Amino acid sequence: MSSVITLKNINKYFNDHHVVKNLSLQVNEGEFLTLLGPSGCGKTTTLRMIAGFELPSEGDIYLNDQRVNNLPPYKRQVNTVFQNYSLFPHLSVAKNVAFGLKMKRIKQGEIKKRVQEMLALVQLEGFENRKPNQLSGGQKQRVAIARALINRPKVLLLDEPLSALDLKLRKKMQFELKRLHKQLHFTFIYVTHDQEEAMTMSDRVAVMHNGKIEQIGLPKEIYIHPKNRFVSDFIGESNLFGGKIEKSIGKELLIHGENGTFVTMKGTSAISEGKVYVSVRPENVRISDTPVDGFSVIGTVVDNVFIGSYIRTIIRLADRTEIKKTTYSKSEQYAIDQQVYVYWNKNDSVIVDAEPPENH
């Protein structure tokens, strides 16, 4: 698969602040890639450098093998949809959508035809003469997308375009954007801090932290096999268990922690001694009235929270760490203050960090 965007060793400084750190990335033609991370991680700055609104301090940006570092935004075959939509309040929907073509001096008949095609695509037929102040948040967002798409860009850049919408509308627009992407086969690069949004919409997700890409891959891969503690904690929810390796048995590790012993698979890690941290997702946590072979983690049930389709059980361990367990069956509920043994299928735990022995 050919890459449409390539970033090579990109660094960006704002005075003494190192915002993007030696970042390299390839975006494949036609894919939906999301840059995901907390505020201040460098994701929007990276997007703005691709768009041409910021220049990299170091490194190179390529669009279809052409180096575009010094190419102004209007000469790049990319269009951006911003968080605030940036619609012209005095222009109608049709004129907002047509604006880019008018600047290119496209013939009026062609402009009218393409505006109608775009409004049909974003399901806004009949809204041609309305002004932005007569539209809902979701309708404004669709106008902004139509205005960006009408120029037929190689790449569509979206900078947190759904963050101003309420939850129900945001979820609806997630599916609308995914529908558009499948229909158009354009390359989408999407920026968000919302991990559920990223997991729902993306072909691949690049998790960013402190100016770097911590992990990039399919949403399912990143969720099931997080590379480190940050990714494990940021993508979904996770329970973290730390301890010293007591024994290495084939592909398994027996670990002794402050709250008892537990077992995990080595996975891709070659470590067989020292301290490790293991991530277990709430849906993979199990609890029992009696000890389970390989596990001696004991806790007390402190709460059962009903959350629509599932129940969240909170178990407090000896060191007061609280473990989250998700269950979808009321029959699996345990009484408050009941002592339980915490365990999991050893294949459902992932080593996310390791420290070598002290004498190394």
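Look up: the structure comes first, before these words.
Residues numbered from 1 in each chain as written. Predicted model: local features only at pLDDT ≥ 70, side-chain atom pairs only at ≥ 80, totals over all residues. Heavy atoms only, no water.

Novice: How should the pattern of salt bridges be read in this particular structure?
Specialist: Side chains that differ in sign of charge can pair as their charged atoms come close. Throughout the structure, instances matching the rule amount to 13 salt bridges. When the shortest N-O distance is used, the salt bridge between Asp60 and Arg67 registers 2.6 Å. Of the residues examined, Asp60 reaches a relative accessible area of 22% and is grouped as partly exposed. With relative accessibility at 44%, the residue Arg67 sits in the partly exposed group. For Arg114, the salt bridge goes to Glu110, with nearest N and O atoms at 3.7 Å. With a gap of 4 residues between them, Arg114 and Glu110 both fall in helix α3 (residues 108–121), about one helical turn apart. The class of Glu110 is partly exposed, set by a relative accessible area of 28%. (Salt bridge = Lys/Arg side-chain N within 4 Å of Asp/Glu carboxyl O. Buried < 20%, exposed > 50% of the residue type's maximum accessible area, 1.4 Å probe, protein only. Helix = DSSP H or I, 4+ residues; strand = E, 2+ residues; numbered from the N terminus.)

Novice: Looking at this model, I keep getting lost on the sheet that holds strand β12 (residues 252–257). Mind explaining?
Specialist: Strand-to-strand pairing in sheets goes through backbone hydrogen bonds, with the strands running parallel or antiparallel. In space, the 5 strands of this open sheet follow the order β13-β12-β11-β14-β20, with antiparallel pairing throughout. On the outer flanks of this sheet lie β13 (260–265) and β20 (349–355), each paired with one strand and no other. Strand-to-strand twist of the sheet, defined as the mean angle between neighbouring strand axes without regard to direction, takes the value 40°. Strand direction decides the pairing type here: strand β14 (residues 275–280) and β20, joined by 6 bridges, are antiparallel. Residue pairing for β20: Val280 is matched across the bridge by Ser349. (Pairing = 2+ DSSP bridges. Axes fitted to C-alpha atoms, helices over the stretch in contact; angles between N-to-C directions.)

Novice: Sorry, what's going on with α3 here?
Specialist: For an α-helix, the turn length of 3.6 residues means that residues three or four places apart are oriented alike. Compared with the 20 Å implied by 1.5 Å per residue over 14 residues, the 20 Å span of α3 between its first and last C-alpha is a close match. Burial in α3 covers these residues: Ile111, Arg114, Val115, Met118, Leu119 and Leu121. Taken down its axis, α3 places every buried residue within 150° of arc, on the same side. Residues of α3 that are exposed and angled more than 90 degrees away from the buried face: Gly109 and Lys112. Buried residues along α3 sit in contact with α2 (93–103), α4 (137–149) and α5 (167–184). At the C-terminal side of α3, Gln123 shows a positive phi close to 60°. (Expected span 1.5 Å × (residues − 1). Arc of directions from axis to C-beta. Contact = heavy atoms within 4.5 Å.)

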